[in-house]
Amino acid sequence: MNASCSSASSVSRRRLLCGCAGLAALAALSACGRSDERAAAPVPLEVDANTSCTLDGMLLADYPGPKGQMQYASAPKLEWYCDTIELLAVLQRPEQARAPSAAWVQDMAKADWERPTGHWIDARSAFYVFGSRKKGSMGATAASFASAADAQAFVAANGGKVVPFAEVTPAMVDLSGGALHDTRM
């Protein structure tokens, strides 16, 4: 074998090895970025005795019915809601300046109605029962469920109508009542 052939062969091998090393480094960096994204993904927290509603300051643990929580990418602190209607009203606001990175409600097929804890599900994939006989912290509420079948079973026992999140309208979660329309004040 002549020297030029041997030299060309070793250059090709070096290029191949450098290319493989470069691809391996890119793959490692890519995987590292994905695990950072997973690690940074927001997760729901649990209500404790001091958790208060973002809108009205009510202590969530003191009231029955499903609760909600929301996280914004721009703010690491969770916002809590003592009732699903409140959370849904915020999600339905067209003027919302900042988009939530995550929003959760409780799966009431699994959580205890009187003292709901845990069982957090994505609020935007949940099914809601409006108009049931069950009351939440603010009175009439929207019971939240992970599955349509569980929501239908709740309707059979408690009345109401199942509405998937995509069909919830601002009129269904209007918060303009309350003290604003209380003629006794």
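Just so it is clear, the structure is predicted and the values come from calculations on it, not from any experiment. (Residues numbered from 1 in each chain as written. Predicted model: local features only at pLDDT ≥ 70, side-chain atom pairs only at ≥ 80, totals over all residues. Heavy atoms only, no water.)

With that settled, consider the overall build of the protein chain. Secondary structure assignment for the protein chain yields three helices and seven strands. Ordered by position from N to C terminus, the α and β elements of the protein chain give α-β-β-α-β-β-β-β-α-β. Counting only residues that meet the buried cut, the protein chain has 35% of its 185 residues in that class. When contacts within the protein chain are restricted to residue pairs at least 6 apart in sequence, long-range pairs at least 24 apart make up 60% of them. (Helix = DSSP H or I, 4+ residues; strand = E, 2+ residues; numbered from the N terminus. Buried < 20%, exposed > 50% of the residue type's maximum accessible area, 1.4 Å probe, protein only. Contact = heavy atoms within 4.5 Å.)

Let's shift gears to the sheet that holds strand 4 (residues 120–122). Pairing is antiparallel across the open sheet formed by four strands, whose spatial order is 2-1-3-4. The open sheet has two edge strands with one neighbour each: strand 2 (75–81) and strand 4. Averaged over all adjacent pairs, the angle separating strand axes in this sheet is 25°, with direction ignored. The sheet contacts of helix 2 (residues 84–91) involve strand 1 (68–72), strand 2 and strand 3 (100–106), and relative to strand 1 the element is tilted by about 30°. (Pairing = 2+ DSSP bridges. Axes fitted to C-alpha atoms, helices over the stretch in contact; angles between N-to-C directions.)

What follows covers the pairing of strand 2. Bridge count between strand 1 and strand 2: four bridges; the pairing is antiparallel. The residue of strand 2 that forms the bridge with Tyr72 is Ala75.

Counting across every chain of the model gives three aromatic pairs. Note on Trp80 and Trp120: the rings are 6.1 Å apart at their centroids and 65° apart in plane angle, and the pair reads as edge-to-face. Highlighted residues: Trp80 in strand 2 and Trp120 in strand 4, separated in sequence by 40 residues. As far as the burial class goes, Trp80 and Trp120 line up, both buried. Ring centres 5.1 Å apart and planes at 50° place the aromatic pair Phe145 and Phe154 in the tilted group. By the burial criterion, Phe145 is buried, and Phe154 matches it. Put simply, the rings of Trp113, Phe145 and Phe154 touch in pairs and so form one group of aromatic residues. (Phe/Tyr/Trp six-rings, centres within 6.5 Å; stacked < 30°, edge-to-face > 60°.)

Predicted coordinates in regions of low pLDDT should not be interpreted in detail. Taken over all residues, the pLDDT of the protein chain has a mean of 81, while the share at 70 or more is 71%. For residues 16–39, every residue scores under 50 in pLDDT, and the model assigns this stretch zero contacts once sequence neighbours within four places are set aside. Long-range and interchain partners of residues 179–185, a stretch whose pLDDT sits below 50, account for two contacts in this model, where long-range means more than four residues apart. (pLDDT = per-residue confidence, 0-100.)

This paragraph deals with the pairing of strand 3. For a regular strand, side chains alternate in direction, first toward one face of the sheet and then toward the other. The buried count for strand 3 comes to six of seven residues, which makes it a mostly enclosed element. Across five bridges, the pairing between strand 1 and strand 3 is antiparallel. If you follow Met70 over to strand 3, its bridge partner there is Ala103.

It is worth spelling out helix 3 (residues 148–158) at this point. The set of residues buried in helix 3 consists of Ala151, Phe154, Val155 and Asn158. Buried positions in helix 3, seen along its axis, are confined to an arc of 105° and lie on one side of it. Summarising the geometry of helix 3, the exposed residues directed more than 90 degrees from the buried face are Ala149, Ala156 and Ala157. (Arc of directions from axis to C-beta.)

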